[in-house]
Amino acid sequence: LDYNSPAWYARTIASRLRATPLHVFLYSGAQDRVTVHQPGFANELRSLGVRVSTAEPPGVHDWRLWRDEMPVALRYAGRWLYAGIPGVRGQRVLPG
């Protein structure tokens with residue numbers, strides 16, 4: 001099971017993660033059974049130098065949650081994608 005774990009994989013590429021300005025937005029529904037694993041994974045990524053923001057909006061692991069949170073995730077990604085373009089300012093993103 002560890003072999004399929006994203007936390008395990010992250011540790012195997014730790015040096016690359018530390019060298020890359022990686023930003024991650026993790027979210028899962030507050031009523032989803034896998035949400036209990038999110039803080040541990042977020043902390044594992046942070047320990048490897050990754051900037052992580054998390055959210056636990058109401059819901060479960062389904063299309064509705066994905067659809068409702070996608071605009072938040074895209075704004076988060078846009079903040080970092082636009083940060084390197086001269087003349088374009090990234091917007092502050094507050095998940096949730």
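Residues numbered from 1 in each chain as written. Predicted model: local features only at pLDDT ≥ 70, side-chain atom pairs only at ≥ 80, totals over all residues. Heavy atoms only, no water.

Concerning the overall build of the protein
The following threshold applies: In DSSP terms, a helix is any run of H or I states spanning at least four residues, a strand is any run of E spanning at least two, and both are numbered starting from the N terminus. Residues are treated as being in contact if the distance between any of their heavy atoms lies within 4.5 Å. The accessible surface values rely on the Shrake-Rupley method and a 1.4 Å probe; as for residues, cover is taken only from the protein chains in view.
Secondary structure summary: the protein contains 4 helices and 2 strands in total. Starting at the N terminus and ending at the C terminus, the protein contains elements arranged as α-α-β-α-β-α. For the protein, restricting intrachain contacts to residue pairs at least 6 apart in sequence, the fraction spanning at least 24 positions comes to 66%. Total accessible area on the protein is roughly 7000 Å²; 56% of this is exposed by carbon and sulfur atoms.

Focus on the confidence of the model for the protein
What counts, and what does not: Each residue carries a pLDDT score, the predictor's confidence in it, ranging from 0 to 100.
For the protein, per-residue confidence averages 83 on the pLDDT scale, and 81% of positions sit at 70 or higher. Mean pLDDT in the protein bottoms out at helix α1 (residues 6-12), which sits at 85, and peaks at strand β2 (residues 51-55), which reaches 92.

Topic: the side chain of S28
Convention followed: Polar contact is the term for a pair of N or O atoms within 3.5 Å; when the atoms are in protein, one must be able to donate a hydrogen and the other to accept it, and sequence-neighboring residues count only if both atoms are side-chain atoms.
Assignment of secondary structure puts S28 in the loop between β1 (23-27) and α3 (38-47). Side chain to side chain, S28 and T35 meet in a polar contact 3.0 Å long. A distance of 3.0 Å separates polar atoms of two side chains, one belonging to S28 and the other to Q38. The contact partners of S28, leaving out residues within four places of it in the chain, are T35, Q38, A55, E56, P57 and L65.

Details of the pairing of β2
Which entries qualify depends on this criterion: Any two strands between which DSSP finds at least two bridges are classified as paired. When the strands point away from the viewer and the connection leading from the first strand across the helix to the second strand turns clockwise, the crossover is called right-handed.
Taken together, the 5 bridges between β1 and β2 define a ladder with parallel strand orientation. For F25, the partnering residue across the bridge sits in β2 and is S53. Taken together, β1, α3 and β2 form a β-α-β motif whose crossover is right-handed.

Observations regarding the packing of aromatic side chains
This is how it is decided: Stacked, tilted and edge-to-face pairs are distinguished by plane angle, under 30 degrees for stacked and over 60 for edge-to-face with tilted covering the rest, among Phe, Tyr and Trp rings (Trp via its six-membered ring) whose centres lie within 6.5 Å. Relative accessibility under 20% of the residue-type maximum defines a buried residue, over 50% an exposed one, and the middle range a partly exposed one, all with a 1.4 Å probe and only protein chains included.
Summed over the entire model, instances satisfying the criterion amount to 3 aromatic pairs. Ring centres of F25 and Y27 lie 5.5 Å apart, and the angle between their planes is 35 degrees; on these two criteria the pair is classed as tilted. For F25, a relative accessible area of 13% corresponds to the buried category. Taken together, F25, Y27 and Y76 form an aromatic cluster joined through their ring pairs.

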